[in-house]
Amino acid sequence: MIVNSYAIVGLICLVIVGLALLAAALWHPGLRPLQVPAAWNNYRFGYAVYALIFLAFDMEMIFMYPWAVVFASIGFEAFADMFVFIAILSAGIAYAWGMGGLEWE
Amino acid sequence: MGVVLQMPVVLAALLGGALLTLLLERTLLQRTQTEPGPAAAVDYRHAVDPPNADRWLYPAGPVLALLGVALATVVIPFGPNLIGEDLGIGVFYFIVVVDFVVLGIALGGWGANTPDAVEACYRIVAQLVAYVIPLGLALVGAIMMAESLSTVAIVEAQTGLWYIVLQPIGFVLYLITGLMQAYRAPFLEPFAASIQQGVLHTSGGWQAMAWRMALSGVLFVVAAMGAVLFLGGWQGPLLPGPVWMLLKTYGLMALMLWLGTRVRLRSTAQMLALSWKVLIPVGLVNVLIVGMLILLGVGTA
């Protein structure tokens with residue numbers, strides 16, 4: 001059962017990569033010239049604060065999945081726990097918002 | 001052993017689903033005359049060789065993107081037994097592998113090293129930061145009621161009543177974040193005409209084909225997952241399961257695309273603001289509302 005789960009995921013990876021390699025090897029159409037300057041030097045990451053807030057919330061969401069699965073069988077206690085968790089996180093987003101962390105650039 | 005049969009069926013489902021998606025989207029775009037975004041025409045007949053491209057990242061982009069949607073198709077059920085593989089962590093797995101498309105666009109865009117493609121790389125990463133959390137919060141509601149991450153179990157939990165009725169806020173959240181996740185109007189900034197469709201302009205030949213499949217496929221899997229989570233998947237009277245599933249998938253897709261054309265295009269900055277100032281707070285409230293409903297005994301078996 002578990003082997004089957006890994007097998008189909010692995011097989012699809014193999015087949016897609018294999019098809020791409022095959023296409024790259026066999027498909028040689030004419031070239032469309034592209035005259036553009038290199039661009040790597042012109043950019044910087046201007047949203048470091050956004051990235052940090054994102055990380056915190058992304059992890060929070062991950063914690064919610066196991067909680068969501070067992071929620072109905074535990075009942076009110078689980079609800080109260082998550083309420084406290086969400087309250088703390090909401091305080092976090094309110095703080096970030098108030099400090100201007102949600103402004104682009 | 002069975003896997004050898006499952007794999008081509010999954011890939012065929014993706015191929016058919018992506019082709020139908022392209023057909024539907026092109027028809028709709030012709031009627032509404034809006035910016036095509038990821039559905040724009042690509043150049044199959046010419047290869048492109050960007051002068052400063054990264055040798056590995058540039059071709060890896062479209063392959064990773066296509067791989068992401070192919071892996072996502074595995075957990076989409078078209079009937080109680082008509083599914084690539086009912087992975088126990090289905091929905092969670094789905095979220096992870098669909099984001100491979102973002103990774104592919106980011107790598108391909110950065111690797112192409114042209115001003116437009118690198119711009120697309122930045123925009124797509126910002127788009128991910130905007131949509132992942134409200135999308136996840138919309139999904140948490142459905143998982144709480146179904147008490148399972150398995151896509152099959154979630155559909156079976158909706159036998160009596162679809163979750164669109166019990167969780168209308170979650171459904172609306174999914175409509176908006178689904179459009180963000182599929183990069184369709186009004187959230188098509190990474191594929192905007194002003195940067196010549198980003199990675200699409202710097203690709204040709206087999207890469208263009210892979211992008212086409214991946215970008216049509218991502219809308220297909222997003223709409224199909226919406227049908228599974230909120231519209232009861234394959235369930236329905238009279239018609240067989242797979243027909244219902246297809247009807248719901250493409251109905252939801254048409255609704256999303258049409259709604260998307262009714263509002264003006266949003267910039268990445270506007271989308272981030274919308275997501276963090278509106279959608280995430282609403283998503284958190286939705287989780288609490290669904291929790292209260294469950295405590296009151298609504299929607300659980």
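Report on the accompanying structure. Everything numeric here is computed off the predicted structure, so don't read it as measured data.

## Side note on the overall build of chain A
The secondary structure content of chain A amounts to three helices and one strand. Moving toward the C terminus, one meets the helices and strands of chain A in the order α-β-α-α. Taken across its 105 residues, chain A has 30% of its residues classed as buried. Of the accessible surface of chain A, which amounts to about 6700 Å², a share of 74% is contributed by carbon and sulfur atoms.

## Some thoughts on the nonpolar core
A:W67 and B:W276 are the most contacted members of the largest nonpolar core, which has 129 residues in total. In this view, A:W67 contacts A:A78, A:M82, B:V140, B:M144 and B:V287; residues no more than four positions away in its chain are not counted. Counting residues in hydrophobic clusters, the runner-up holds five residues, among them A:L34, B:V48, B:A112 and B:A117.

## What about empty space enclosed by the protein?
Residue and element names in this part refer to chain B. Considering all chains together, one arrives at two cavities of 30 Å³ or more under this definition. By volume, the largest cavity amounts to about 100 Å³. Every residue lining the largest cavity is listed: E25, L28, L29, T32, E35, P36, P38, R184, A185, L188, L257 and T261. Elements supplying a minimum of two residues to the lining of the largest cavity: α1 (2-32) and α9 (241-262).

## Structural notes on helix α3 (residues 90-112) of chain B
Residue and element names in this part refer to chain B. Its 23 residues place the ends of α3 33 Å apart at the C-alpha level, agreeing with the 33 Å of an ideal helix rising 1.5 Å per residue. In terms of burial, α3 is largely enclosed, as 17 of its 23 residues are buried. Once α3 finishes, N113 follows within two positions and takes phi at roughly 55°, a positive value.

## Observations concerning the packing of α1(B) against α9(B)
Residues and elements named next belong to chain B. It is the contact of α1 with α9, at a shortest axis distance of 11 Å, that shows an interaxial angle of 35°. Crossing handedness for the pair α1 and α9: right-handed. Between α1 and α9, the contacting residues are G16, G17, L20, T21, L24, E25, L28 and T32 on the first element and Y250, M253, A254, L257, W258 and T261 on the second. Here the contact of α1 with α9 is built from residues that sort into eight nonpolar, five polar and one charged.

## Remarks on the packing of aromatic side chains
A complete count under the given rule lists eleven aromatic pairs over all chains for this structure. Between the aromatic rings of B:F220 and B:Y250, the centroid separation amounts to 6.2 Å while the plane-to-plane angle is 25°, which identifies the pairing as stacked. Here B:Y250 lies in helix α9 and B:F220 lies in helix α8 (residues 205-230), a separation of 30 residues in the sequence. Here B:F220 and B:Y250 have matching classes, each one buried. Through a chain of ring-to-ring contacts, the aromatic side chains of A:W67, A:F71, A:F76 and A:F79 assemble into a single cluster.

## Considerations on the interface of chain A and chain B
On the side of chain B, 72 residues touch chain A, which itself brings 57 residues to the contact. Summing both partners gives a buried area of about 6100 Å² for chain A against chain B, and 80% of it is carried by carbon and sulfur. Our enumeration of links across chain A and chain B arrives at zero salt bridges. Taken together, chain A and chain B are joined by one residue pair in polar contact (both at pLDDT 80 or more).

## Side note on the side chain of B:T268
Residue placement: B:T268 occurs in helix α10 (residues 268-295). In contact with B:T268, not counting residues within four places along its chain, are B:R123, B:A126 and B:E189.

## Focus on α8(B)
Residue and element names in this part refer to chain B. Counted at 1.5 Å a residue, the expected span for α8 with its 26 residues is 38 Å, and the 38 Å between its end C-alpha atoms agrees. With 25 of 26 residues buried, α8 is to be regarded as a mostly interior element. Positive phi shows up at G232, right after α8, with a value of about 75°.

## Thoughts on the side chain of B:K248
All names here are of chain B. Considering the arrangement of structural elements, one finds K248 in helix α9. The side chain of K248 is buried and forms no salt bridge, while E156, the nearest opposite charge, is found at 13 Å. Within the local environment of K248, its side chain forms a polar contact with the backbone oxygen of L231, the two atoms lying 2.8 Å apart. Among the polar contacts listed, one links the side chain of K248 to the backbone oxygen of G233, at a separation of 2.9 Å.

## Observations concerning the layout of surface pockets
Its boundaries defined by the atoms lining it, the largest pocket holds a volume of some 510 Å³. Lining of the largest pocket is provided by 23 residues; of these, A:A24, B:Y58, B:P59, B:W206 and B:Q207 occupy positions nearest its centre. The element that contributes the greatest number of residues to the lining of the largest pocket is helix α2 (residues 57-73) of chain B, accounting for six residues. For the lining of the largest pocket, the class distribution of residues is 17 nonpolar, four polar and two charged.

The rules we used
- Residues numbered from 1 in each chain as written.
- Chains lettered and ligands numbered in written order.
- Predicted model: local features only at pLDDT ≥ 70, side-chain atom pairs only at ≥ 80, totals over all residues.
- Heavy atoms only, no water.
- Helix = DSSP H or I, 4+ residues; strand = E, 2+ residues; numbered from the N terminus.
- Buried < 20%, exposed > 50% of the residue type's maximum accessible area, 1.4 Å probe, protein only.
- Areas by Shrake-Rupley, 256 points an atom, 1.4 Å probe, with all protein chains shown as cover.
- Core = buried A, V, L, I, M, F, W, Y, C linked by side-chain atoms within 4.5 Å.
- Contact = heavy atoms within 4.5 Å.
- 1 Å grid on protein atoms, 1.4 Å probe; cavity = no way out; pocket = protein on both sides within 12 Å on 5 of 7 lines; lining within 4 Å.
- Points joined across faces, edges and corners; volume = space filled by probe spheres on them.
- Expected span 1.5 Å × (residues − 1).
- Axes fitted to C-alpha atoms, helices over the stretch in contact; angles between N-to-C directions.
- Left-handed = near helix turned anticlockwise from the far one by under 90°.
- Nonpolar A, V, L, I, M, F, W, Y, C, P; charged D, E, K, R; others polar.
- Phe/Tyr/Trp six-rings, centres within 6.5 Å; stacked < 30°, edge-to-face > 60°.
- Buried area = accessible area lost by both parts, 1.4 Å probe.
- Salt bridge = Lys/Arg side-chain N within 4 Å of Asp/Glu carboxyl O.
- Polar contact = N/O pair within 3.5 Å; in protein donor to acceptor, adjacent residues only side chain to side chain.
- Lys, Arg positive; Asp, Glu negative; His and termini not counted.

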